[in-house]
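Read off the chains here:
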Amino acid sequence: MLSNVGKKRIYHGIVHQIKETIKKGEVLPGGKMPSERTLASTLAVSRTSIKEAYSVLESAGIVEIRQGSGVYLLKNDTEDIISKLNAIIRGQTVDMVELMELRQAVEVDIAYYAALRREQQDIEQLDRAFHQLEKAVSKKSLAAEEDLAFHMLIAKAARNRVIAQVMNMVSDQVLVGLEDSRAQSLAVPGKSQEILEEHRNIYKAVRDGSPHLAGKAMREHLQNVKQRYL
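The rules behind these values
- Residues numbered from 1 in each chain as written.
- Predicted model: local features only at pLDDT ≥ 70, side-chain atom pairs only at ≥ 80, totals over all residues.
- Heavy atoms only, no water.
- Helix = DSSP H or I, 4+ residues; strand = E, 2+ residues; numbered from the N terminus.
- Buried < 20%, exposed > 50% of the residue type's maximum accessible area, 1.4 Å probe, protein only.
- Contact = heavy atoms within 4.5 Å.
- Core = buried A, V, L, I, M, F, W, Y, C linked by side-chain atoms within 4.5 Å.
- Phe/Tyr/Trp six-rings, centres within 6.5 Å; stacked < 30°, edge-to-face > 60°.
- Lys NZ or Arg CZ within 6 Å of the ring centre and 35° of its normal.
- Pairing = 2+ DSSP bridges.
- Axes fitted to C-alpha atoms, helices over the stretch in contact; angles between N-to-C directions.
- Parallel < 35°, antiparallel > 145°, perpendicular 65-115°, else oblique.
- Left-handed = near helix turned anticlockwise from the far one by under 90°.
- Nonpolar A, V, L, I, M, F, W, Y, C, P; charged D, E, K, R; others polar.
- Salt bridge = Lys/Arg side-chain N within 4 Å of Asp/Glu carboxyl O.
- pLDDT = per-residue confidence, 0-100.

In the nomenclature of an unreviewed UniProt entry, the chain corresponds to FadR family transcriptional regulator from the organism Halobacillus shinanisalinarum.

Pasting the structure below:
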C-alpha cells in the first residue's frame, strides 16, 4: 500500500513503486507491465490513478500502451529508464545547458577554496567518496549519486556556509542532470572511465592543497560535461 505520499500527487507514489519493480528486475525492457487492475490492487489505489501514472510514463517515453494488449516497458537501457523515472518522481525537468552554466559559475571557485581550506577530515571523506565513485564506474553503474556526493563534499571543504546552502538548494537538479548526462556516457565505450579520470584530477588537486590546479581541473571537467551533452 502506498503511504507518506503527502502533498505529492498519487501518481508520483505509483511511479516510485514501478521504479523499484524495474530496479529489482521484475520487469525487463520490452516486458509487459502489471495490468491496471493488478497494480491498483497491489498498491491499494484506484485504477484511475494507475491509468494516470501509465499515461505520464507513456508521455515520458518509458512505456507503450497497446490497446487490447496491455502496457509494455520500452526497450531502452535500464539506467536511462531509471533516470527518467527519477525525474518524474521529483517533478523536475532540467535544462542541461542552464544547469551547466550555473555549475561552471560556482564550482570552479568552490574547488579553489576547497583546496585552500580543506582539513584532514575533508581529505578522508573525499578519498572515500572518490573510491565509491571508482567502484560504481567499475561495475558499469550509472554512478550519479556517487558523482553528486563527490561534488557536495568538495563544496563542504570550501568552508563557506553560503556556498553550502547554494549547493544544497540545487542538489536535486544537479542529480537529475547527472543522471541524464551519465546515462548518455554509459552508451559510449570508455567514456565513464574518462569522466572518472577528470574526477581523479580534481580529487588530487584538492587533496594536495593546490587551489589553482583544483579550479583548473574543475573547469575542464565541467566544460567537458557540457560538451559531451551538446
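Caption draft 1: Molecular detail of the overall build of the chain. The number of helices and strands found in the chain is 10 helices and 2 strands. The helix and strand sequence of the chain, counted from the amino end, reads α-α-α-β-β-α-α-α-α-α-α-α. Dimensions along the principal axes, computed over C-alpha positions, put the chain at roughly 65 × 40 × 30 Å. Looking at the chain as a whole, 43% of its 230 residues qualify as buried. Here the analysis covers contacts within the chain between residues at least 6 apart in sequence; of these, 72% occur between residues at least 24 apart.

Caption draft 2: Seen up close, the nonpolar core. In terms of nonpolar packing, the biggest core is built from 40 residues, with Ile-110, Phe-150, Ile-154, Ile-202, Val-206 and Met-218 touching the most fellow members. For this core, the elements supplying multiple residues, two or more each, are helix H5 (96-117), helix H6 (120-138), helix H7 (144-157), helix H8 (161-186), helix H9 (191-207) and helix H10 (211-229). With 8 residues, the single largest contributor to this core is H5. For Phe-150, the residues in contact, after removing those within four places along its chain, are Leu-126, Ala-129, Phe-130, His-199, Ile-202 and Tyr-203. Grouped together as the second largest cluster of nonpolar side chains are 24 residues, Val-15, Leu-43, Leu-57 and Ile-88 included.

Caption draft 3: Representation of the packing of aromatic side chains within the structure. Across all of its chains, the model carries 3 aromatic pairs by this definition. Ring geometry for Tyr-112 against Tyr-113: centres 5.4 Å apart, planes inclined by 90 degrees, an arrangement best described as edge-to-face. A relative accessible area of 26% places Tyr-112 in the partly exposed class. Of the aromatic side chains, those joined through ring pairs into one cluster are Phe-130, Phe-150 and Tyr-203. Of note, Arg-66 hangs over the ring of Tyr-72, and the distance from its end group to the ring centre comes to 3.9 Å. The ring of Tyr-203 carries Arg-207 above its face, with NZ or CZ at 5.4 Å from the centroid.

Caption draft 4: Local environment of the pairing of strand E2 (residues 70-73). When strand E1 (residues 63-66) meets E2, the two strands line up antiparallel, connected through 4 bridges. Across the sheet, the residue bridging to Glu-64 is Tyr-72, located in E2. Where E1 folds back on E2, the antiparallel hairpin that results is connected by 3 residues, among which Gly-68 adopts a positive phi of roughly 80 degrees.

Caption draft 5: Just the packing of H5 against H8, in detail. At a minimum axis separation of 11 Å, H5 and H8 run at an interaxial angle of 135 degrees. Classified by the angle between their axes, H5 and H8 sit oblique to one another. Read as a crossing pair, H5 and H8 show a hand that is left-handed. Touching Met-96, Leu-99, Leu-102, Arg-103, Glu-107 and Ile-110 of H5 are Ile-163, Met-167, Val-170, Gln-173, Val-174, Gly-177, Leu-178 and Ser-181, all from H8. For the contact of H5 with H8, the class distribution of residues is 9 nonpolar, 3 polar and 2 charged.

Caption draft 6: The arrangement of the pattern of salt bridges in detail. If you walk through the whole model with that rule in mind, you get 13 salt bridges. The partner of Arg-66 in a salt bridge is Glu-64, with the nearest N and O atoms 3.4 Å apart. Owing to a relative accessible area of 35%, Arg-66 belongs among the partly exposed residues under this scheme. On the accessibility criterion, Glu-64 (34% relative accessible area) is partly exposed. Here Asp-122 makes a salt bridge to Arg-159, at a shortest N to O gap of 2.8 Å. Here Arg-159 lies in the loop between H7 and H8 and Asp-122 lies in helix H6, a separation of 37 residues in the sequence. Its relative accessible area of 32% is what places Arg-159 among the partly exposed residues. Within the structure, one salt-bridge network assembled from shared partners comprises Glu-119, Asp-122, Lys-156 and Arg-159.

Caption draft 7: Looking closely at the confidence of the model for the chain. In this model, the chain carries an average pLDDT of 88, and 93% of its residues clear a pLDDT of 70 or more. Confidence drops under a pLDDT of 50 for residues 1-8, and excluding neighbours within four residues, the segment shows 11 contacts in the predicted structure.

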